[in-house]
Amino acid sequence: MFTARDLKKLDKDDLLNLIGLETRKDTADYLLPALGAFTVGVLLGVGVGVLLAPKPGQELRTDLRNRFQSGQDAISGAVNRATESVTRNA
């Protein structure tokens, strides 16, 4: 059996599990994994489409290099802006 000390360590889900219940799941619990899988599928489809594009190899590699570079620049700019915003608000 449980002592009072053991009961203090239990959280809401543990207590519900003891009596055979569980926390009610909301829409986000079902929707977010589905959106994640959809996003991965879209990204894979775009990647395959780019790789199978009707361009010569050198031109395709140059385009990919330019796109990755612009993506890196956008990410580093966003990180810099976020860092400045956090520094200003701190």
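Analysis parameters
- Residues numbered from 1 in each chain as written.
- Predicted model: local features only at pLDDT ≥ 70, side-chain atom pairs only at ≥ 80, totals over all residues.
- Heavy atoms only, no water.
- Helix = DSSP H or I, 4+ residues; strand = E, 2+ residues; numbered from the N terminus.
- Areas by Shrake-Rupley, 256 points an atom, 1.4 Å probe, with all protein chains shown as cover.
- Lys, Arg positive; Asp, Glu negative; His and termini not counted.
- Charge placed at Lys NZ, Arg CZ, Asp CG, Glu CD.
- UniProt positions renumbered as here; feature names shortened; annotations may be inferred.

- By the naming in an unreviewed UniProt entry, the protein goes by YtxH domain-containing protein and is assigned to Stigmatella ashevillensis.

**Brief notes about the overall build of the protein**
Here is step 1 of the chain: For the protein, the helix and strand inventory stands at four helices and zero strands.
Here is step 2 of the chain: Sequence-ordered secondary structure for the protein, helices as α and strands as β, is α-α-α-α.
Here is step 3 of the chain: Its C-alpha atoms give the protein principal-axis dimensions of roughly 70 × 40 × 20 Å.
Here is step 4 of the chain: For the protein, the accessible surface area stands at approximately 8100 Å², while carbon and sulfur atoms represent 63% of it.
Here is step 5 of the chain: Side-chain charges in the protein split into 12 positive and 11 negative, and the spacing between the mean points of these groups amounts to 4 Å.

**A short note on the UniProt feature "transmembrane region" (unreviewed entry) in the protein**
Here is step 1 of the chain: The UniProt record marks residues 30-53 with the feature "transmembrane region" (unreviewed entry), using the residue numbering of this structure.
Here is step 2 of the chain: Here residues 30-53 runs as 92% helix and 0% strand, with 35 Å between its end C-alpha atoms.

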